Each structure stands twice: as structure tokens, then as C-alpha cells.
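A closer look at the structure
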Amino acid sequence: MRITVLAGGVGAARFLRGLRAAVPAADVTVIGNTGDDFTPFGLHVSPDLDTVMYTLGGGISEEQGWGRAAESHTVLAELAAYGAGPGWFGLGDKDIATHILRTQWLAAGQPLSAVTRRLCERWQPGVTLLPMSDDLVRTHVTLELDGRPQTLHFQEWWVRLHAAVPASRIEAVGASEASPAPGVLEAIAAADFVLFPPSNPVVSIGVILAVPGIADALRDQTVVGVSPIIGGAPVRGMADACLTAIGVQTSAAAVAAHYGAELLDGWLVDDQDKDVVDAPELAGIAVRSRPLYMTSVAAAAEIARAAVDLALEVRR
Ligand code: FO1
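Residues numbered from 1 in each chain as written. Predicted model: local features only at pLDDT ≥ 70, side-chain atom pairs only at ≥ 80, totals over all residues. Heavy atoms only, no water.

Re the environment of Pro291
With respect to the secondary-structure elements, Pro291 resides in the loop between strand S12 (286-289) and helix H12 (297-314). Considered as a pair, Pro291 and Ile208 are 83 residues apart in the sequence and their alpha carbons are 27 Å apart. With near-sequence residues (within four places) excluded, Pro291 lies in contact with Asp270, Asp271 and Ile303. (Helix = DSSP H or I, 4+ residues; strand = E, 2+ residues; numbered from the N terminus. Contact = heavy atoms within 4.5 Å.)

Given below as C-alpha cells:
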């Protein structure tokens, strides 16, 4: 069975760990968001690629869901001693090794997809991890700060401001000029079906869909998603702040309607949202409800299994 998964952030990585446990024989390709990529101190950090690589490779900080386990921050403290920032972006010493190599290999002219493949040789995540594009795409957030409109890199809004300042605009800068990375469109076309894990619909899945060609390829595929919103609130992170910024209500139904029946064939919601199953605005989307809290790998595996079963049920 060939499964392709669009991924961004902690929820996606935990879902993928469940998927690998639920269907160990499946050939899984992950298309990772790179709009979050950030270059503190000139180091190229790819948070959403690294979260998948570390989680599936066994190196993740479980409590954070990002960065490495058993980390130290000696280098960051030394940089701060020189007055060098940003100190608010918690780069760990072990994590910096990944960013040094990614930066070095990119500078040598290797595309991000080749760099990601090389980094995964160490971590053996058990999936093929592809960046959505080898081209530069950055998510920028426009907001009112100190009484005037400013545009910040997503990470500054997300990490330094905790997305607490309302965003008037979220834009994947460069997406319209970007191309899907090698293998991305093929992975969508060759899959038996595609899954959207409970990732942020705006800054993770939404940014991947902004790369020309990807949304069209998905419309020709069977796509099943897992709601990142339960009972009107995001399970983790600040997806509500992102949804508000684009005028979408923070609900399981609104997110599915935002993706639309053109794209989405099936949608898993938590039992708290089971009234969504017959929502008229989701006509054309097969909605099922079940517990969606990934409280353990076993729970994530059951959710992944349910998503696979729904995809096999609705497959064209
Ligand atoms: N998230 C935080 O909330 N605080 C941090 O200091 C932080 C540092 C960080 C360093 C490397 C990395 O790969 C991810 C990091 N993240 C941090 C998470 C990151 O902001 C998010 O994972 C994504 O960009 C959103 O999904």
C-alpha cells in the first residue's frame, strides 16, 4: 500500500508515528512544509522536516514535540553572551549539528530535497521525507505592532509572540513562483490515497497547497484528513489564531469546508464534534467521528488506522 502524507508540525509527526505502527508494511512518502524554515545566525532550520525526521527517527524531545531529546543550550547561551540573538528561538546544541550540515550542503549547491535525504540516512525515519519544494518559500505574518502594521517571519509571530498578536494576513511568500520538489507530484499520483494529518490547516497544510501543482494533483486523488480542531479548539499549537487570520471559524466543520469537497473525500472528527457528520456544508465529504486525542502511540495508531480505513472506503 502506498500512502502519501502532507505534514507540518508536531501533530503530523505524532500521526505519522501512529501510521507507521498501524500499517508497518505501507510505503509512506511525507511531503513536508518548508514555509516555517528560518535562518537564525545564518543556520538553515527546517522545523517541520526536522520534527518528522526526529520523531520517526527516535531523537525527538517528546515533551516539546520539536527539537532533540536531552538537549543543552550552551551555544545559544554563548551567542547571547555576545549580545547575539534571536535568543527566543530555542536552538539546542545537538539540533545545531543538523542545521550546520543542512546549511553547509545547501551552500555547496545541493537542493533541500537532497540535503533532507542525506540527513535521513542517519535517522532512518522509515518514510520518504520530501520538502514540498526546493525553492524558497517563507510564511510571513502581517500584524499591528507598536501602533503600526509590521510583517514578521512566521517563527517570530509563533515563538516570540506566541501568536498572541492578531494577524491580519498570513502569506506564503515565494509559493507562487515555487515548484514542487522532485518526487512530490509523483508521490501524490502514485499513492493509493493521500492523508492530511492533524496539522495546522493554514501555515502547514495550507502552505503546501500554495505550491503550484500540488492542490491540482490532490484533486485527482483520494484525500482523507484528520481534524486538528476538537470541540472548537486546536488540540495543540495556535491554529485558531491562524484560522481567524484567514477568516475561517475554528471548528472541525469549518476546516473541512475550507479544504472543500473538491479536495477532501473523507474527514475524521472527534466524538465531541459528531454532529458535524451530517453537516450540510460538508456534502460530498464522508465524515466519521471517533476519539482523536493522540494520547499515546497506540492511540495515534488507531486514529491512523481509521483514516486508512476511511480512505479505502471512499477511494474512487
Ligand atoms: N517552538 C517554540 O515554541 N519555541 C522555540 O523556542 C522553538 C525552537 C525551535 C527550534 C528548532 C525547531 O526545529 C523548532 C523549534 N520550535 C520552537 C518549533 C517551531 O516553531 C514549530 O515546530 C513549527 O515551526 C510550527 O509547526
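Looking at the pairing of strand S7 (residues 193-196)
Going residue by residue along S7, you find Phe193 and Leu195 tucked away on one face and Val194 and Phe196 tucked away on the opposite face as well. Here strand S1 (residues 2-7) pairs with S7 via three bridges, running parallel. Along S7, the bridge assignment pairs Val5 with Leu195. In the sheet, S7 pairs with strand S8 (residues 223-226) via three bridges, with the strands oriented parallel. Across the sheet, residue Leu195 finds its bridge partner in S8, namely Val224. (Buried < 20%, exposed > 50% of the residue type's maximum accessible area, 1.4 Å probe, protein only. Pairing = 2+ DSSP bridges.)

Side note on helix H11 (residues 252-259)
Residues separated by three or four positions in an α-helix point in the same direction, a consequence of the helix having 3.6 residues per turn. Counting buried positions along H11 yields six of eight residues, so the element is predominantly enclosed. Here H11 has its buried residues at Ala252, Ala253, Ala254, Val255, Ala256 and Tyr259. In the stretch just after H11, Gly260 is the one whose phi turns positive, near 85°.

Things to note about the packing of aromatic side chains
This model, assessed by the stated rule, comprises nine aromatic pairs. Note on Tyr54 and Trp123: the rings are 5.2 Å apart at their centroids and 70° apart in plane angle, and the pair reads as edge-to-face. One end of the pair, Tyr54, is in helix H2 (residues 47-57); the other, Trp123, is in helix H5 (residues 112-123), with 69 residues separating them in the sequence. Judged by its relative accessible area of 10%, Trp123 falls in the buried class. One aromatic cluster in this structure is built from Phe38, Trp88 and Phe89. In this arrangement the basic side chain of Arg68 is found over the ring face of Tyr54, its NZ or CZ atom lying 5.5 Å from the centre. Cation over ring: Arg118 sits above Trp105, and NZ or CZ is 3.8 Å from the ring centre. (Phe/Tyr/Trp six-rings, centres within 6.5 Å; stacked < 30°, edge-to-face > 60°. Lys NZ or Arg CZ within 6 Å of the ring centre and 35° of its normal.)

Brief notes about the domain arrangement of the protein
On domain assignment, one finds that the protein holds domain 1 (1-37 + 129-316) and domain 2 (38-128). Computed over C-alpha atoms only, the centres of domain 1 and domain 2 are separated by 22 Å. For the pair domain 1 and domain 2, the summed buried surface comes to about 2500 Å²; carbon and sulfur atoms form 63% of the total. Interface area lost by domain 1 to domain 2 is led by Arg20, Asp37 and Leu129, which between them contribute 28%. Our enumeration of links across domain 1 and domain 2 arrives at two salt bridges. One salt bridge connects Arg14 with Glu62, and the closest N-O pair in it is separated by 3.8 Å. Scanning the region where domain 1 abuts domain 2 turns up 13 residue pairs in polar contact (both at pLDDT 80 or more). Elements with a contribution of two residues or more to the side of domain 1 that touches domain 2: helix H1 (9-22), strand S2 (27-32), strand S3 (128-131) and helix H6 (154-160). Ranked by residue count, the leading element in the side of domain 1 that touches domain 2 is H1, at seven residues. (Domains from an automatic or database assignment. Buried area = accessible area lost by both parts, 1.4 Å probe. Salt bridge = Lys/Arg side-chain N within 4 Å of Asp/Glu carboxyl O. Polar contact = N/O pair within 3.5 Å; in protein donor to acceptor, adjacent residues only side chain to side chain.)

Things to note about the sheet that holds strand S6 (residues 167-173)
Sheet strands line up and pair through hydrogen bonds in the backbone, either parallel or antiparallel. Taken in spatial order, the three strands make up an open sheet running S5-S4-S6, and their pairing is antiparallel. This sheet does not close on itself; its edge strands, each paired only once, are strand S5 (148-153) and S6. On average, each strand axis in the sheet is tilted by 25° relative to the strand beside it, whichever way the strands run. In this sheet, S5 lies alongside strand S4 (residues 138-145) in antiparallel orientation, the contact comprising six bridges. (Axes fitted to C-alpha atoms, helices over the stretch in contact; angles between N-to-C directions.)

Considering the pattern of salt bridges
Evaluated as defined, the whole model comprises 11 salt bridges. Among the salt bridges present, the one from Arg305 reaches Asp309, with a minimum N-O distance of 2.9 Å. Taken together, the residues Arg305 and Asp309, both in helix H12 and four residues apart, mark about one turn of the helix. Looking at Arg305, the relative accessible area reads 32%, which means it is partly exposed. Through salt bridges with shared partners, a single ionic network connects Arg14, Arg17 and Glu62.

Points about the side chain of Thr51
Structurally, the position occupied by Thr51 is in helix H2. With residues near it in sequence (within four places) discarded, Thr51 still touches Gly9, Val10, Ala13, Ile60, Gly65 and Trp66.

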